[in-house]
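# Structural characterization, general
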Amino acid sequence: MSGEKIPINRTMVGVISLVCFLMAGYLYNFVTEEQFAQQEIATGAFMRVGLLMFAFWLALPGKNRQAAWANVPPWFFAVLVLVIVGIAMRPKVAIPLILVFAILGFFLRPRSKKRSPRR
């Protein structure tokens, strides 16, 4: 069992996400609190599962492309967790921090190599 690959159908994950979004929209718009006592809880649950499945659908490999995480270095995940924790602890710092990283990213990005003319 440990060496087996479990096939994941990307289309099915997308359909599950779409169904969850549709159910959340239906419960939010057409079902009242009197008809269904836990309408808000069910709406929130369907919305969260729909968002999670949508993110999972985006990350899965397709027929013409690799998985979203195939070319991401491992240190990126550690930095991402630290940034999320930092923003959660101090949300007012998020906008200046994003601006600083955007400016750094603009200047530190890889440049295309220009070829010198042959003589």
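A brief look at the structure comes next. Just so it is clear, the structure is predicted and the values come from calculations on it, not from any experiment.

### Section: the overall build of the chain
- Along its length, the chain carries 4 helices and 0 strands.
- Secondary structure elements in the chain, listed N-terminal to C-terminal, are α-α-α-α.
- When contacts within the chain are restricted to residue pairs at least 6 apart in sequence, long-range pairs at least 24 apart make up 47% of them.
- In the form shown here, the chain has an accessible surface area of approximately 10900 Å², with 69% of it arising from carbon and sulfur atoms.

### Describing the packing of aromatic side chains
- Taken as a whole, this structure holds 5 aromatic pairs when the rule is applied.
- Centre to centre, the rings of tryptophan 75 and phenylalanine 76 are 6.4 Å apart; their planes meet at 75°, and the pair counts as edge-to-face.
- According to the relative accessible area criterion, tryptophan 75 is exposed, its value standing at 57%.
- The partly exposed category is assigned to phenylalanine 76, whose relative accessible area is 38%.

### Digging into the environment of isoleucine 87
- For isoleucine 87, the location among the structural elements is in helix α3 (residues 74-89).
- What makes isoleucine 87 partly exposed here is its relative accessible area of 29%.
- Sequence separation between isoleucine 87 and leucine 97 is 10 residues; the distance between their C-alpha atoms is 9.0 Å.

### Examining helix α1 (residues 10-30)
- Its 21 residues give α1 an end-to-end C-alpha distance of 30 Å, which sits within 8% of 30 Å, the value for a rise of 1.5 Å per residue.
- Residues of α1 that are buried include every one of Val13, Ser17, Cys20, Ala24 and Leu27, and no others. Projected down its long axis, α1 shows its buried positions confined to an angular sector of 100°, all on one face. Across from the buried face of α1, at angles greater than 90 degrees, the exposed residues are Thr11, Leu18, Leu22, Asn29 and Phe30.
- Where α1 is buried, its residues touch α2 (39-59).
- The opening residue of α1, the one whose side-chain oxygen lies 3.2 Å from the backbone nitrogen of threonine 11, is asparagine 9.

### What about the packing of α1 against α2?
- Where α1 meets α2, the axes come as close as 8 Å, and the angle between the chain directions of the two elements is 155°. Here α2 runs roughly antiparallel to α1, going by the angle between their axes. Crossing angle aside, the handedness with which α1 passes α2 is left-handed.
- Split by residue class, the contact of α1 with α2 holds 18 nonpolar, 5 polar and 1 charged.

### Regarding the environment of valine 49
- For valine 49, the position within the fold is in helix α2.
- It is 8.5 Å that separates the C-alpha atoms of valine 49 and phenylalanine 21, two residues lying 28 residues apart in sequence.

### Topic: α2
- With 21 residues, α2 should cover 30 Å at 1.5 Å per step; its first-to-last C-alpha distance of 30 Å lies within 8% of that length.
- Residues of α2 that are buried: Gln39, Ala42, Thr43, Gly50, Met53 and Ala59.
- The inward-facing, buried residues of α2 abut α1.

The rules behind these values
Residues numbered from 1 in each chain as written. Predicted model: local features only at pLDDT ≥ 70, side-chain atom pairs only at ≥ 80, totals over all residues. Heavy atoms only, no water. Helix = DSSP H or I, 4+ residues; strand = E, 2+ residues; numbered from the N terminus. Contact = heavy atoms within 4.5 Å. Areas by Shrake-Rupley, 256 points an atom, 1.4 Å probe, with all protein chains shown as cover. Phe/Tyr/Trp six-rings, centres within 6.5 Å; stacked < 30°, edge-to-face > 60°. Buried < 20%, exposed > 50% of the residue type's maximum accessible area, 1.4 Å probe, protein only. Expected span 1.5 Å × (residues − 1). Arc of directions from axis to C-beta. Polar contact = N/O pair within 3.5 Å; in protein donor to acceptor, adjacent residues only side chain to side chain. Axes fitted to C-alpha atoms, helices over the stretch in contact; angles between N-to-C directions. Parallel < 35°, antiparallel > 145°, perpendicular 65-115°, else oblique. Left-handed = near helix turned anticlockwise from the far one by under 90°. Nonpolar A, V, L, I, M, F, W, Y, C, P; charged D, E, K, R; others polar.

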